[in-house]
Amino acid sequence: MRIDVVSIFPEYLAPLELSLIGKARQDGLLDLRVHDLREFTTDRHRTVDDTPYGGGAGMVMKPEPWAQALTAVAAERPAEAGKPVLIVPSPAGERFTQATAHQLAEEDQLVFACGRYEGIDERVLEWAADHFTVRPMSLGDYVLNGGEVAVLAMVEAIGRLLPGVVGNPESLVEESHSDGLLEYPVYTKPSSWRDRDVPAVLLSGNHGKIAQWRRHEQYRRTAERRPDLLAEFDAGKLPRADRTAFADLGYDVVDGRLKQRPDA
Ligand code: SAM
């Protein structure tokens, strides 16, 4: 996969040289290039922002440097390859989820446009639609200072799904959000630590019981921390023991969906 990131702070992306993503780049699994937006300005001060039309606080990123930078990135792509995806980090974008990461990991090129200040002149997104599939994308319901932190998170989430990046691909299967639930708690040696014992079932060697315990822990943890996820969970084919586990947590299965009992 090729990833291009355009930013006024290219050095902000330096962590992408480390750890698994850095190794993936060294191994040629990920071709990641960072571009300095100021290289695409034409004035002596390398200006990338200006005051907002209509007044108000803050500055807005000027359209022309963005058009120049994105044109240069698009020009490196063979015409027959079609439009690459342009991700524009924004708190006003669609929510970036694990499902989005899986979907984007299938693309052959992703371009990220890191906004700063009050964001990028809206016309850039309209113009870019002729050359890219434009997707404004939010990391969550809070406001960051710039798109770079969002890009670090998204590139890591997408990059680790690329074939060969994570050593044991099975470790991706049971993670939080892979099946719409949070992951079960995990433990390592020693089995007894500061008067706290690892749950006995994990030492039993009974794989069926361990799998069931882990599933039920997923249900318990998700009900406790993220009940919103349970509303989306497909409970239609749950075995009886799992329905009982949900019943103990105050949820009944109605038409294949989990419904919290009013008294729970
Ligand atoms: N005025 C904008 C608004 O209210 O929607 C916020 C601008 S924010 C200070 C500057 C930049 O940070 C945005 O253009 C975007 O690139 C990035 N950013 C901020 N919060 C984000 C979030 N939750 N997800 C993704 N990017 C975010």
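That block above? That's the structure.
Every value quoted in this text rests on a predicted model; they were computed, and no experiment measured them. (Residues numbered from 1 in each chain as written. Predicted model: local features only at pLDDT ≥ 70, side-chain atom pairs only at ≥ 80, totals over all residues. Heavy atoms only, no water.)

Peer 1: An account of helix H1 (residues 19-26) is needed here, citing residue identities and associated values.
Peer 2: For H1, every residue scored as buried is listed here: Ile-21, Gly-22 and Ala-24. Each buried residue of H1 lies within a common arc of 160 degrees when the element is viewed along its axis, so the set occupies one face. Turned more than 90 degrees from where H1 packs its buried face, Ser-19 and Gln-26 sit exposed. At the C-terminal side of H1, Gly-28 shows a positive phi close to 80 degrees. (Buried < 20%, exposed > 50% of the residue type's maximum accessible area, 1.4 Å probe, protein only. Helix = DSSP H or I, 4+ residues; strand = E, 2+ residues; numbered from the N terminus. Arc of directions from axis to C-beta.)

Peer 1: How would you sum up the site of the ligand? Please name residues and give values.
Peer 2: Taken together, 18 residues form the shell around the ligand, and within it Pro-89, Glu-118, Leu-139, Tyr-142 and Leu-144 come nearest. Take Glu-118: an N or O atom from its side chain is 2.9 Å from a nitrogen atom of the ligand. In this structure, a nitrogen atom belonging to the ligand sits 2.9 Å away from a main-chain N or O atom of Leu-144. For the ligand, whose accessible area on its own is 580 Å², the fraction buried by protein is 82%. More than half of the atoms of the ligand fall within 2 Å of the grid points belonging to the largest pocket. Counting residues per element, the ones that place at least two in the shell around the ligand are strand E5 (85-95), strand E7 (133-138) and helix H5 (147-159). Top contributing element to the shell around the ligand by residue count: E5, with three residues. Class assignment for the residues of the shell around the ligand results in nine nonpolar, eight polar and one charged. (Near = heavy atom within 4 Å. Polar contact = N/O pair within 3.5 Å; in protein donor to acceptor, adjacent residues only side chain to side chain. Areas by Shrake-Rupley, 256 points an atom, 1.4 Å probe, with all protein chains shown as cover. 1 Å grid on protein atoms, 1.4 Å probe; cavity = no way out; pocket = protein on both sides within 12 Å on 5 of 7 lines; lining within 4 Å. Sits in = over half its atoms within 2 Å of the grid points. Nonpolar A, V, L, I, M, F, W, Y, C, P; charged D, E, K, R; others polar.)

Peer 1: Please set out the layout of surface pockets residue by residue, giving values where relevant.
Peer 2: Sizing a probe to match a water molecule and rolling it over the atoms shows the empty space that remains. Here the largest pocket defines a volume of roughly 500 Å³. If you list the elements that add at least two residues to the lining of the largest pocket, you get E5, helix H4 (122-128), E7 and H5. Roughly 390 Å³ of internal volume is contained in the second largest pocket. Taken together, 16 residues line the second largest pocket, and the ones lying closest to its centre are Phe-96, Thr-97, Gln-98, Ala-99 and His-177. Among the elements that make up the lining of the second largest pocket, the one with the highest residue count is helix H3 (residues 98-104) (three residues). In terms of residue class, the lining of the second largest pocket is built from five nonpolar, seven polar and four charged. (Points joined across faces, edges and corners; volume = space filled by probe spheres on them.)

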